[in-house]
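Listed below, chain by chain, are the residues.
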Amino acid sequence: MSSSSSSSSVSHRRPVIVLGALITALLLLALAVQQWAVPASGATGDVVAQGSASGTSEADGFIADGDSVGVFDAHLPAVANLEPALADALQRAATDALADGVEIRVNSGWRSTEYQELLLRDAVAERGAEEAARWVAEPSASEHVSGEAVDLDPWPALDWLAQFGADYGLCQIYQNEPWHYELRADAAHNGCPEMFSDPTTDPRTTR
């Protein structure tokens, strides 16, 4: 679905959005409760130590804790270093979402190896190695480091993506991280693949 189809599709999407919001409200509430139960300094689970990652800068893909940036902010490394196909899908989705009155924001995109190492180190210190592994991948296995993953917000954007993200190839990958999206090019035709419960059940994290 391209941005050129926005005007013709907005009218029939709006009722779906209302119904979808009702259907997904309980899921989002449950996920929110889950996150409150897990100590975290950041807005997203796999960026638990984002606000405390001293020594990192904008050049590492750092976005300050609680902040987010636009999907078109290509002057920022966190956005500029995303894989081009992912960035394109994200921008197309954001354009159509905006026509529905929903803004999609990025609170973590590409990260340098050093930044990912700091996040993992802080997560282990805060949560212990076993729990940290459910939220922060090793740099060599992180889709953020490769530019193939992006964490999005706010909640209305996640609700919109849960309904329409597959049309753009954008899929939630982990059940415990409703903000973590990656590109699955065939999702528009085949739907998004079954989600992993968390990164510890993703074979890519052990590569």
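A separate point is the pattern of salt bridges. Under the criterion given, the structure shown has 9 salt bridges. Among the ionic pairs, Arg134 bridges to Asp198, the shortest N-O distance being 3.1 Å. Placement of Arg134 in the loop between helix H5 (129–132) and strand S3 (149–153) and of Asp198 in the segment after helix H7 (187–190) is noted, with a sequence separation of 64 residues between them. Classification of Arg134 by relative accessible area gives partly exposed; the value is 21%. Via salt bridges that share partners, Glu143, Glu182, Arg184, Asp202 and Arg204 belong to a single interconnected network.

With that settled, the discussion passes to the pairing of S3. For S3, a buried count of 5 out of 5 residues is recorded, marking the element as mostly surrounded by other parts of the structure. Note: S3 against strand S5 (residues 177–183), 3 bridges, orientation antiparallel. Across the sheet, the residue bridging to Val150 is Tyr181, located in S5.

Once that is clear, we can look at the state of the cysteines. The full count for this structure, using the stated rule, is 1 disulfide. Put simply, Cys171 and Cys192 are joined by a disulfide, and their sulfur atoms are 2.0 Å apart. Given an S-S torsion of about -85°, the disulfide between Cys171 and Cys192 has left-handed geometry. Of this pair, Cys171 sits in strand S4 (residues 170–174) while Cys192 sits in the segment after H7; the two residues are 21 residues apart in sequence, bridging distant segments of the chain. Assessed through its relative accessible area of 35%, Cys192 is described here as partly exposed.

Attention now moves to the pairing of S5. Within S5, 6 of the 7 residues are buried, which leaves the element mostly enclosed by the surrounding structure. In this sheet, S5 lies alongside S4 in antiparallel orientation, the contact comprising 4 bridges. Following the sheet pairing, Cys171 is matched in S5 by Glu182. Two successive antiparallel strands, S4 and S5, enclose a turn made up of 2 residues.

Within this structure, the stated rule accounts for 4 aromatic pairs. Here Trp160 and Tyr168 contribute two aromatic rings whose centre-to-centre distance is 5.9 Å and whose plane-to-plane angle is 35°, an arrangement assigned as tilted. Where Tyr174 meets Phe196, the ring centres are 6.2 Å apart and the plane angle is 40°; that geometry is what we call tilted. Of this pair, Tyr174 sits in strand S4 while Phe196 sits in the segment after H7, placing them 22 residues apart in sequence. According to the relative accessible area criterion, Tyr174 is buried, its value standing at 5%. Connected via pairs of aromatic rings, a cluster forms that spans Trp160, Phe164 and Tyr168.

Let us now look at the sheet that holds S4. Reading across the sheet, the 5 strands line up as S1-S2-S3-S5-S4 and stay open at both edges, with antiparallel pairing between neighbours. Looking at which strands have only one partner, the edges of the open sheet turn out to be strand S1 (69–70) and S4.

Calculation notes
- Residues numbered from 1 in each chain as written.
- Predicted model: local features only at pLDDT ≥ 70, side-chain atom pairs only at ≥ 80, totals over all residues.
- Heavy atoms only, no water.
- Salt bridge = Lys/Arg side-chain N within 4 Å of Asp/Glu carboxyl O.
- Helix = DSSP H or I, 4+ residues; strand = E, 2+ residues; numbered from the N terminus.
- Buried < 20%, exposed > 50% of the residue type's maximum accessible area, 1.4 Å probe, protein only.
- Pairing = 2+ DSSP bridges.
- Disulfide = S-S within 2.5 Å.
- Phe/Tyr/Trp six-rings, centres within 6.5 Å; stacked < 30°, edge-to-face > 60°.

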